[in-house]
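Structural characterization, general
Each chain, letter by letter, is given below.
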Amino acid sequence: MVFTTLAHLMDEDFLTEAFHQLRKDAAAGIDQMTATEYGVNLGERIKDLQRRMVLGEYRAQPARRVWIPKGDGGQRPLAILVLEDKIVQRAVAMILEALYEPHFHAFSCGFRRHFSAHTAIIELRQQCLELGINWIIDADIRKFFDTISWEELRKILQKRVNDGALLRLIGMWLHVGVLEEGQVVNQELGTPQGAPISPILANIFLHEVLDEWFQAVVQPRMKGNCFLVRYADDFVMGFSLKGEAERVFKVLPKRFERYGLSIHPDKSRMVQFSRPYWKRGKGPGSFAFLGFTHYWAKTLKGGWTIKRKTQSKRLSRFMSGIGEWCKEHRHEPIADQHRTLSSKLRGHYQYYGVRGNFKMLEVVYEHTREAWKKWLSRRNSMNPMSWDKFMVAVEQQFVLPPPRITQVF
């Protein structure tokens with residue numbers, strides 16, 4: 001079913017709800033308008049915004065681009081939109097979610113309500129254990145958000161949404177460009193990361209390119225068991241038969257090339273991941289997915305199971321960040337430092353605190369204690385703080401949260 005009239009749904013109440021769904025602590029765009037300021041006279045502002053949309057007077061403004069560091073040493077562009085663009089994008093995203101959510105597959109876990117990265121990790125482990133998986137395809141899409149083809153995206157959208165007003169809005173946001181170093185930079189590809197519309201557009205695009213193809217074309221042709229788990233643009237495929245895994249691994253780049261995307265040749269691989277038949281050690285092969293390294297290992301009762309531990313580069317990145325933070329904030333009040341460090345540790349435990357990963361949590365905890373002590377001792381270089389003094393003066397009063405398992409799957 002193709003929907004041709006949807007824009008009328010974005011009335012004042014709908015736009016108000018879209019405003020309330022936005023993060024209120026997000027950075028301001030080039031107009032410097034914050035959510036708090038906008039909310040002072042919200043009713044009148046929303047009414048004016050809706051009027052401009054109906055009359056065709058609404059115009060998107062360029063996003064402010066900032067760069068954030070990536071784990072591989074590179075940088076990721078982040079777009080910070082003006083508030084009204086965020087409101088209208090969130091409203092359109094709400095409509096698209098209502099239309100597409102019933103058709104998304106259960107193995108698509110990114111940017112969806114009631115789904116999370118932990119949902120994908122649980123699904124991955126269960127499928128490997130239950131289906132007798134022996135081979136894993138660990139693939140990486142090269143610069144996915146930056147290389148989405150607007151032409152292909154429009155074709156995919158028009159299969160279900162052919163409302164000219166909505167398509168014009170999406171086209172306007174994709175073509176408006178970004179402001180960098182005082183100049184507007186126009187792009188020919190991609191959807192800006194950080195924009196409220198980008199997650200649902202990414203899911204719609206990959207639902208067509210990958211999910212539907214796997215469900216309708218790949219799976220029916222397999223004689224053995226297979227599965228797909230996807231979180232945004234990160235995905236893993238599992239196969240019980242090596243030959244079938246090799247066939248899919250070979251055809252995968254061609255499938256993505258049809259839609260203007262590419263599979264990274266150096267970051268994509270096929271890994272043997274079968275249940276070991278020997279008595280000691282670890283299983284053959286391991287792979288990383290969503291910040292965890294997944295591997296076969298022995299249980300306390302002597303059986304084999306799939307365990308997870310913090311991926312080494314994620315561990316190094318977090319510990320390096322802790323050290324830099326302690327260095328930069330060492331002269332702030334100790335109570336404020338303790339509050340922030342405790343928050344960072346609890347956030348780390350909340351995500352990485354899965355069963356079998358306690359040792360990696362301990363490494364993070366001990367590193368944080370030592371880094372904090374190191375930089376506190378340099379607040380006064382003439383009288384560096386000894387470890388004993390640190391333990392007595394600081395740790396008894398400001399106790400860092402100890403490592404704990406928060407996810408029992």
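For the structure itself, consult the block above.
Everything quoted here is computed from the prediction, not taken from an experiment. (Residues numbered from 1 in each chain as written. Predicted model: local features only at pLDDT ≥ 70, side-chain atom pairs only at ≥ 80, totals over all residues. Heavy atoms only, no water.)

1. As for helix H1 (residues 12-21)
An α-helix turns once per 3.6 residues; consequently, residues spaced three or four apart project the same way. Among all positions of H1, only Leu15, Ala18 and Phe19 are buried. Down the axis of H1, the sector holding all buried residues measures 100°, keeping them to one side. The elements touched by buried residues of H1 are helix H2 (35-38), helix H3 (42-55) and helix H4 (83-100). (Buried < 20%, exposed > 50% of the residue type's maximum accessible area, 1.4 Å probe, protein only. Helix = DSSP H or I, 4+ residues; strand = E, 2+ residues; numbered from the N terminus. Arc of directions from axis to C-beta. Contact = heavy atoms within 4.5 Å.)

2. What to know about unusual backbone geometry
A positive phi is found at Gln32, a non-glycine position, where the angle reads about 65°. Relative to the helices and strands, Gln32 is located in the loop between H1 and H2. With a relative accessible area of 52%, Gln32 lands in the exposed category. Here the phi dihedral of Ala232 falls at roughly 55°; this positive angle occurs in a residue that is not glycine. Tracing the chain through its elements places Ala232 in the loop between strand S6 (226-231) and strand S7 (234-239).

3. Some words on the pairing of S7
In terms of burial, S7 is a largely internal element, five of the six residues being buried. As judged from the six bridges shared by strand S3 (residues 135-140) and S7, these two strands associate in the antiparallel manner. Counterpart to Ile137 in the pairing with S7 is Met237. Alignment of S6 against S7, held across six bridges, turns out to be antiparallel. Looking across to S7, one finds that Leu228 is bridged to Met237. The loop that links S6 with its antiparallel partner S7 comprises two residues; one of these, Ala232, has a positive phi angle of about 55°. (Pairing = 2+ DSSP bridges.)

4. Details of the environment of Leu96
With respect to the secondary-structure elements, Leu96 resides in helix H4. For Leu96, a relative accessible area of 1% puts it in the buried group. It is 8.6 Å that separates the C-alpha atoms of Leu96 and Leu201, two residues lying 105 residues apart in sequence. When near neighbours in sequence (up to four residues on either side) are disregarded, Leu96 contacts Glu101, Val161, Ile170, Ile197, Ile200, Leu201 and Ile204.

5. Some points on the side chain of His105
Here His105 shows up in the loop between H4 and helix H5 (117-130). For His105, a relative accessible area of 14% corresponds to the buried category. The contacts of His105, once residues within four sequence positions are left out, are Arg112, His207, Asp211, Glu212 and Gln215.

6. Focus on the nonpolar core
Counting residues in hydrophobic clusters, the biggest one holds 76 residues, and the most contacted among them are Ile87, Leu96, Phe235, Met237, Leu252 and Phe256. Formed by 40 residues, the second largest nonpolar core is a distinct cluster that contains Leu345, Val364, Tyr365 and Val394. (Core = buried A, V, L, I, M, F, W, Y, C linked by side-chain atoms within 4.5 Å.)

7. Comments concerning the side chain of Gln127
Among the structural elements, Gln127 can be located in helix H5. Polar side-chain contacts of Gln127 include one of 2.9 Å to the side chain of Glu123. (Polar contact = N/O pair within 3.5 Å; in protein donor to acceptor, adjacent residues only side chain to side chain.)

8. Overview of the packing of aromatic side chains
Note on aromatic pairs: each is described by the distance of the centres and the angle between the planes. Taken as a whole and judged by the stated rule, the model has 13 aromatic pairs. Ring plane angle 75° and centroid distance 5.0 Å describe the contact between Phe273 and Phe287, whose orientation is recorded as edge-to-face. Linking Phe273 in the loop between strand S8 (269-272) and strand S9 (286-289) with Phe287 in strand S9, this pair joins segments that are 14 residues apart in sequence. Of the two residues, Phe273 and Phe287, neither departs from the other in class, the shared state being buried. Positioned above the aromatic ring of Phe115, the side-chain terminus of Arg112 is 4.2 Å from the ring centre. The ring of Trp375 is capped by Arg378, whose NZ or CZ atom sits 4.9 Å from the centre of that ring. (Phe/Tyr/Trp six-rings, centres within 6.5 Å; stacked < 30°, edge-to-face > 60°. Lys NZ or Arg CZ within 6 Å of the ring centre and 35° of its normal.)

9. Comments concerning the pairing of S3
Of all six residues making up S3, five are buried, and the element is well covered by its neighbours. In terms of strand pairing, S3 meets S8 through four bridges, oriented antiparallel. What sits directly across from Ile136, in S8, is Val271.

10. A word on a positive patch on the surface
A cluster of basic side chains, namely Lys70, Arg76, Arg142, Lys143, Lys313 and Arg317, defines a positive patch on the protein surface. Structurally, the position occupied by Arg76 is in strand S2 (residues 75-80). The exposure class assigned to Arg76 is partly exposed, which follows from its relative accessible area of 33%. (Patch = residues over 30% accessible without salt bridge, like charges linked within 9 Å, V, L, I, M, F, W, Y side chains within 5 Å. Areas by Shrake-Rupley, 256 points an atom, 1.4 Å probe, with all protein chains shown as cover. Salt bridge = Lys/Arg side-chain N within 4 Å of Asp/Glu carboxyl O. Lys, Arg positive; Asp, Glu negative; His and termini not counted. Charge placed at Lys NZ, Arg CZ, Asp CG, Glu CD.)

11. A look at the sheet that holds S8
In spatial order, the strands read S6-S7-S3-S8; together these four strands make up an open sheet with antiparallel pairing. Sheet topology places S6 and S8 at the edges, where each strand pairs with a single neighbour. Neighbouring strand axes in the sheet, compared pairwise and without regard to direction, differ in orientation by 20° on average. In this fold H5 packs onto S3, S6 and S7, with an angle of close to 170° to the strand it touches most, S6. (Axes fitted to C-alpha atoms, helices over the stretch in contact; angles between N-to-C directions.)

12. Focus: the sheet that holds strand S1 (residues 63-69)
What the four strands build is an open sheet, ordered S2-S1-S4-S5; its pairing is mixed. Across the chains shown, the open sheet's two edge strands, defined by having one partner strand only, are S2 and strand S5 (183-185). Direction aside, the axes of adjacent strands within the sheet are offset by 45° on average. Across two bridges, S1 lies against strand S4 (residues 178-180) in parallel orientation.

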